[in-house]
4 protein chains.
Amino acid sequence: MSNSFGKLFTVTTFGESHGPAIGCVIDGCPPGLAIAAGDFRADLDRRATGRSRFTSQRHEPDAVEILSGVFEGRSTGTPIALLIRNTDARSKDYGELLDTFRPGHADYTYWQKYGIRDPRGGGRSSARETTMRVAAGVVAKKWLAEHHGIRVRAHVAQIGGLVPRAFDAAAIEGNPFFWPDATMLDEVEAAIDALRKAGDSVGARIDVVAEGVPPGWGEPIYGKLDGDLAAALMSINAVKAVGIGDGFDVVTQKGTQHRDELAPDGFLSNHAGGILGGISSGQAVTASVAFKPTSSILVHGRSVNLAGDAVEVRTKGRHDPCVGLRAVPIVEAMVALVLIDHALRHRAQCGDVGRVEPRIAGAAPR
Amino acid sequence: MSNSFGKLFTVTTFGESHGPAIGCVIDGCPPGLAIAAGDFRADLDRRATGRSRFTSQRHEPDAVEILSGVFEGRSTGTPIALLIRNTDARSKDYGELLDTFRPGHADYTYWQKYGIRDPRGGGRSSARETTMRVAAGVVAKKWLAEHHGIRVRAHVAQIGGLVPRAFDAAAIEGNPFFWPDATMLDEVEAAIDALRKAGDSVGARIDVVAEGVPPGWGEPIYGKLDGDLAAALMSINAVKAVGIGDGFDVVTQKGTQHRDELAPDGFLSNHAGGILGGISSGQAVTASVAFKPTSSILVHGRSVNLAGDAVEVRTKGRHDPCVGLRAVPIVEAMVALVLIDHALRHRAQCGDVGRVEPRIAGAAPR
Amino acid sequence: MSNSFGKLFTVTTFGESHGPAIGCVIDGCPPGLAIAAGDFRADLDRRATGRSRFTSQRHEPDAVEILSGVFEGRSTGTPIALLIRNTDARSKDYGELLDTFRPGHADYTYWQKYGIRDPRGGGRSSARETTMRVAAGVVAKKWLAEHHGIRVRAHVAQIGGLVPRAFDAAAIEGNPFFWPDATMLDEVEAAIDALRKAGDSVGARIDVVAEGVPPGWGEPIYGKLDGDLAAALMSINAVKAVGIGDGFDVVTQKGTQHRDELAPDGFLSNHAGGILGGISSGQAVTASVAFKPTSSILVHGRSVNLAGDAVEVRTKGRHDPCVGLRAVPIVEAMVALVLIDHALRHRAQCGDVGRVEPRIAGAAPR
Amino acid sequence: MSNSFGKLFTVTTFGESHGPAIGCVIDGCPPGLAIAAGDFRADLDRRATGRSRFTSQRHEPDAVEILSGVFEGRSTGTPIALLIRNTDARSKDYGELLDTFRPGHADYTYWQKYGIRDPRGGGRSSARETTMRVAAGVVAKKWLAEHHGIRVRAHVAQIGGLVPRAFDAAAIEGNPFFWPDATMLDEVEAAIDALRKAGDSVGARIDVVAEGVPPGWGEPIYGKLDGDLAAALMSINAVKAVGIGDGFDVVTQKGTQHRDELAPDGFLSNHAGGILGGISSGQAVTASVAFKPTSSILVHGRSVNLAGDAVEVRTKGRHDPCVGLRAVPIVEAMVALVLIDHALRHRAQCGDVGRVEPRIAGAAPR
C-alpha cells in the first residue's frame, strides 16, 4: 500500500515516467459529485512541465481519461480510475542511465532496495507521478469547495535568496513563478535565467493556505491533521522540510508570543497554523514546504557506475532550474487530499456530534 | 486507528493524563527479542518530567508492567502490552479547567470535535501520552541495535536564540538540557531560570541522527521513509516543523551544492539526510524538529469560556519553561519506531533481494 | 495489526491465557456513549466458562476495569482500554505442555511460525482471548441499539446430530445451552453428559440474526458486509465454516427459489441473509457458524514431542464437551463489531446521501 | 480502501461492467518476477464467459495490457497496473434497468447506499470485476510456484444435487464444468441444458486445495489465514458460504474423529484443512465455497420500480444457468492472493526465525 494515500479517500497511483501510461484510482469518493474530464485541465496546466521557458521543456498534453466510477457525469461511490497516456516518452537510449547513479536522485537507492530499476526518466521516482496527485486533488478540491466552501491555494514564497517584498494574492496566478509580488518579476526572471545559463539550480519554498476548514478535523494521536499534512507534503518529490503555522520560527518564539489567544469574536493570532492538538481550530490551515534544488543540472557531477568505478555524470537535455516552481498545484493537491480524508474520518466518528458552542471565528490568515 | 502508529510494527497507545493508567500495545514485534521490565527505565528517566528543576515537577515512578507477549524473557510474536499506572494524578478540582479553553492547547479543538472532553491535565492531549512512545521505542531500539547495529541519538540543537558553539557528543547525556556544548551550560541554565522567573517559555530545536541504517529502507511513493518520519515527528506534542537532512536550508542552496556526489569509497556529503527518493542511502539518517514554546505559562492569557464570554486564563502549579528539553528520548523513539517498521516492510517485499553491489559507504554524519 | 479488528471502530486485543492480564483497546468509538464497568457483566457471564457443569470449570470473576476513554460515564472519542486480570491462572507445571504438541491445537503451528511459544493454557491461542471480543462487543451493541435500534442475538442451532424441533426465542436464554427448544433440554443434557463420561466432544452450529440493520451498510468489493462477517466469525477459535443467509444450502437451490423477490410492502423472502452485493438490504442479517469439537479431550491422542518422537497426549483437568456452547455471546459480539464498523464507514462516505425511496421493508426473519 | 485486497500484496480493482475499461493495480509485488502480457491468457480463458454454450455468451477478448511496474520483463517492485478495455459493452438501452431493481441482484442495495447507480450490466457489482482478480491471481500464483512450489487448484464439487462419484484430478481441466468425474459429463451436461431450457439456474460448490504451503503462514488473531481466506472467498460475487477443511461437517463430528493426530512422519489426517489457530500447518490448505444460483434467469420475477410500484422483471439475452461453473479460476486466484500476502507478512515479522524442528510432513490431501 506504499503507493496509496489516504485512509478513507484513498488515492493509489501507478506508472513510470516513460512507461505506457500513468494513472490513479480514487477509492472512497462520496457519490453524487459532478466530475468531467475537463475538470482536470486547469490544474494540470498549472503543473505542466512545458508551461514556460522557466521550467522543463517536456510537452505532454496530459489528457485525462476517466475509466470508471462516474455515471452520467456524477461519481457513483465506486473507484474513479484516471489514466494519462505517456505520449512524449523519448527513452530509446537509456543504456548510459542504467549504468550510472545520478547524484541527488533515487537511482542508487532504488537499485539497493529492489535490485532492479527502470532507468528511463527516473522511472517511478520521476516527478511525473505528481501529475496524478494533481488530478486526484482536483476531485478533492471540488468536494471541499462544494460541501464546505474550502479553498486551498499555494504560492511560491521564496526562490533561493529571493523573498517577496509584498503579498498580492491576485498576482500569483498571473505569472509563471506563482509569485505574489508582481513588482519583482523581472528580478525573479533574471535569477532563473542566470541559473539556466550556469547550468545550475536553486531551492524554493512554497506556502499554502486552506481557508474555510471547520473546527474538529484531525484525529489524535497518530492521525493528527498536521501529522498527515507533514507526511503528505514530505512525500512530494524534492521536499526536504515541512512547517505548520510558524514552522521552525517557533524555536525562537516565547510562549507569550506564540500561543494564540482567544476572544469571543475570534482567535487573536494564528501562529499555530489553524491546528491545535492535531485538530483544526476553524482558523486558516497554513503550511510551508521546502523544495531542494533540482538535481538534474548541466554542471557535471561525480558518481559511480554499476562496476563501482568513479564516473562523471553529464545531464543532457531537459533542465529545470527550480523544480519548486511547478509544485504549487501539487502542494495544493496534497493538502486537499488530506482535508477530504479527514472530513470523511471526522464524519465517520463524530457525525452525530452537533454543532458545539462557542464557535470561535478564525483570525485573518497571516 | 488514529491512536495506532506503524504498519507492521504497530504501536497503539491509550490513556489520559489523569485517568487510571496509560499504556500501549505493540503488535508485530519479531519473536525472540529479550525484553525485561527494567529495559524501560533508562529512557523513561531521560524523559521524566521531574528530572530536574528545569522541567515540570510532576513525579511519576513510571514503572512499566509487561502484561503480555513476553514468555520467559523473550518476545513471542504476540502483542506486547505495557502498562503504567498514574499515581500522581491530582485532579480533584477541574471545574475551572472544564469551563475554559486554554490558549495554545487542544482544549477548544477537542471540544469542537467530540462535544465532550476530559479536562484533567489535558486528558488525552497531554504529553503524558509520549511516555508510551518512549516505552515502545525502547523495544524498537533494542531490535534495531541487535539486528542491524543501528544507533538513534538526539540532542537539543537550539533553545530560543541559543545555539551550541561546539558539538561534543559525549556531553549530551551529561547535562539536563541534552546540550552538546558543555561550556555553555551556565548560559543555558541562566536562560531557563530567567524564563521561569518571568513565567514565560521558549521553543527549541532537536536534531536526531540514526547511524547504521542500511540502504534500501523506505517505500515509494506514499510510504517514503522521510514521509513517515515527518508524520512520526510531527505527531509529537508541540512539534510545528520537521526537516530531513538540511531541511529548510535547501531553499537557498544551489544544485551543485546540495546534491550529494558519490565516489567509490562513499558519498561525498550528506545534505539529503541519508534518504533519496524516500529510500535510505546507507548514510546517516538525519532530521530536525521544531518544538513550540510551552503554552502553559504563568503569564495570564486571554480566552473564552463555555458561555462564550471573554475570560483570563491563569495557569497554576507546574510550569515547564521549555517543553522541548525532555523531548529528546521521544524524538529518538519515534525515529526508531519508523525504522523498525520499515525494516520489516522492506524484508516483506524485498527479503529475497540479495546484497546488491556497489554498496557505497556513508559519509561522516554532518 | 494482526491483533486488531475493524477499520474505523478498531479493537486491538492482547494477553495470554495464563499471563498477568488480558485486555483490549477500542479506537474510534463515537463520543458521548454511556459506558460503565457494570455494562460488561451480563455478556461476560453468558460467556463465562464456569457457568454450568456443561462447560469447562475454570472460574474467573472477569471484572472489567475501564482504563481510559471514558469521562464521567461517557465515551470521549479517545481509546477505550479495558483490562481483566487473570486470577485463576494455574500454570506452575507447564514443562510437559512445552514439550508436546497437542493434536487439534495451535501448539505446532505457533512453534513453526515463531520458534517460541507460551505453552501455558494455550497462550495467545486460548479461547480466553474471546473474553475481550465480548467486552468490546458490549460497547458496539450498545451504540447499535441506541442509534439504530439494532438487536443482535445468537443461539445454538445444532449440537452434533441434535437439531431443535421447534424455535422459541424466549427459551434461548433460559437454559445453559442457548437452545431454542425447551422441550429438548433433557435430551441435550443427556448427550452432553454422555460425551463428558466418554471423555469426548462434539461440534456445534450457532445461528445469529441482526435485526434493524438499515439498507446501505457494507462496501463493495473487498469490504463487503458478508466478507467482513465471514472474516470476523472465522477468526473465532474453533470455527471452521461460515454461511450467510441460506449458506451452503444455496448449492442445491434453483434461481427461482433463491432470489428474494420484492414487493411494495417488502421482500417476499430472505434467502440472501439480508445482504446483496455485499450491502445490507434492510432485511434481517443472518449467518450460521460451525464450531469444531473441542480438541482438549480426555481420550488419549497420538502426537510428537520437540525431539520428533511419537508420544501420547493426555489432557488433564478441565474438559469442555462442546466448545460451541459458550460461543453464543462471542458470535454476537463479532457481528456487532462488524456492524458498527460499517455504520461508521457508511456514514463517512455516504453521510450526505439522504434517505432514498423506495425503502422496502424487510421480510420476517427466516 | 474497500476496493483493495491484501495488506502487503495489495490488489486494487476498478471498473464497471459496461464502462470504458476494467483494471487493477498490484502494489507490493516482490521485484524480479518475470511477468509478460501472455501470462494472463490461460486463466482468463478458463474464466471467460464465452467459453462454451454452458456459460453466458458474452465474448470479450480480455487482452491484458501491462501499464506499469514491469521493466524488461521483470517486476520492479513498483505498482503493476493491468488494464482490459471493455469491447463488447452493449448498453445503449438501459432505461428499463435503471428503473427496476432485479431480484437477487445488488441493484436495490447500491441504490440505497449511494443514491445513484450505474445500471449498465450491473455496473460495479457485475462479475466482470472478477476478471481482474484472476489477472492479479496469475501474478500471485507465479510467485508462489517459483518461490515455494505452491500449487493452487480448484474444481467444481457439486452442481445442484449432482456430486462427483469419483475424483480424477486429470479430468478437471478437460471439460467445461471443471468436473472431476469424466464418466458423469453427459449427466452434468443434461442437467445444465435442462436448466437453460427452463430458464432457471442452480447453485454450485467449488473445492480448492493449495499444496506446498509451508507451516507458519497466518497471523493470529484477526489476521488468521482461515479468516482471510473466508473474507477473500466470501467477497466473490454469488458466494454465500465458506468452509475450511471439513467445513460445516465438523458440527456432527466427535473430537476423537476431528482432531488431526500427529506422528513423526506426518499428520494422520487433515480435517482441519491445513490450518490450526489461524496458522498453516504444512498440510494442504483446503476450502469449500458455495455459489448461489444465478439471479438473472428467464423466468419472470416480482419486484418494484423506482416509484415503489410492483413490477415484473424480465431478464433478456444472456443467461448463465450456473454461475459457479466459471468461478474455478476466481476461487484459485483469491486463495493465491491470500497466500502471497501471508507469505510476505510472515517474512516481515518472522524472517529471522530459522527452520524449526520437528518439521512434520503433511498428510495426503483429503
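It should be noted that the structure appears before, not after, this text.
Every value quoted in this text rests on a predicted model; they were computed, and no experiment measured them.

All names here are of chain D. Where helix α6 (residues 225-234) contacts helix α8 (residues 328-350), the axes come no closer than 9 Å and their chain directions differ by 145°. The handedness of the crossing between α6 and α8 is right-handed. Of α8, the residues touching α6 (which contributes L225, D228, L229, A232 and L233) are V331, M334, V335, V338, L339, H342 and R345. In the contact of α6 with α8, the residues fall into nine nonpolar, one polar and two charged.

With that out of the way, let us pick up the relation of the copies chain B and chain A. The operation linking the two copies of the chain is a rotation about an axis combined with a translation along the axis. Mapping chain B onto chain A leaves a residual RMSD of 0.0 Å; the transformation is a rotation of 180° accompanied by 0.0 Å of translation along its axis. Look at the turn and shift together and you get a two-fold axis relating the two. By C-alpha distance to the rotation axis, the residue of chain B lying nearest is A231(B), at 2.4 Å. Here 100% of the interface residues in chain B have copies in chain A that are interface residues too; the copies meet face to matching face.

Residues and elements named next belong to chain D. Reading across the sheet, the five strands line up as β1-β2-β3-β7-β4 and stay open at both edges, with antiparallel pairing between neighbours. Edge positions in the sheet fall to β1 (4-5) and β4 (65-66), since each has one partner strand and no second. Where β4 and strand β7 (residues 80-85) come together, two bridges link them in antiparallel fashion. Residue pairing for β7: E65 is matched across the bridge by L83.

Take the relation of the copies chain B and chain D next. If you rotate chain B by 180° and push it 0.0 Å along the axis, it lands on chain D with an RMSD of 0.0 Å. When the interface residues of chain B are mapped onto chain D, 100% of them again lie at the interface, so the same face is used by both copies.

Among the eight residues of helix α3 (residues 107-114) of chain B, eight are classified as buried, and the element is accordingly described as predominantly covered. Among the residues making up α3(B), those that are buried are D107(B), Y108(B), T109(B), Y110(B), W111(B), Q112(B), K113(B) and Y114(B). Among the structural elements, β11 (262-263), β12 (266-267), β13 (275-276), β14 (279-280) and α8 (328-350) of chain A are those in contact with the buried residues of α3(B). At the exit of α3(B) stands G115(B), carrying a positive phi of roughly 75°.

The partner chain A presents 112 residues to the 111 residues of chain B that form the contact. Together, the buried faces of chain B and chain A total about 8800 Å²; carbon and sulfur atoms form 63% of this surface. At the junction of chain B with chain A, the criterion picks out two salt bridges. Remark: the boundary between chain B and chain A carries 62 residue pairs in polar contact (both at pLDDT 80 or more). Of all the elements, α3(B) adds the most residues to the side of chain B that touches chain A, at seven residues. When grouped by side-chain class, the residues that make up the side of chain B that touches chain A number 51 nonpolar, 40 polar and 20 charged.

Cut-off values and rules
- Residues numbered from 1 in each chain as written.
- Chains lettered and ligands numbered in written order.
- Predicted model: local features only at pLDDT ≥ 70, side-chain atom pairs only at ≥ 80, totals over all residues.
- Heavy atoms only, no water.
- Axes fitted to C-alpha atoms, helices over the stretch in contact; angles between N-to-C directions.
- Helix = DSSP H or I, 4+ residues; strand = E, 2+ residues; numbered from the N terminus.
- Left-handed = near helix turned anticlockwise from the far one by under 90°.
- Contact = heavy atoms within 4.5 Å.
- Nonpolar A, V, L, I, M, F, W, Y, C, P; charged D, E, K, R; others polar.
- Least-squares fit on C-alpha atoms with pLDDT ≥ 70 in both.
- Pairing = 2+ DSSP bridges.
- Buried < 20%, exposed > 50% of the residue type's maximum accessible area, 1.4 Å probe, protein only.
- Buried area = accessible area lost by both parts, 1.4 Å probe.
- Salt bridge = Lys/Arg side-chain N within 4 Å of Asp/Glu carboxyl O.
- Polar contact = N/O pair within 3.5 Å; in protein donor to acceptor, adjacent residues only side chain to side chain.

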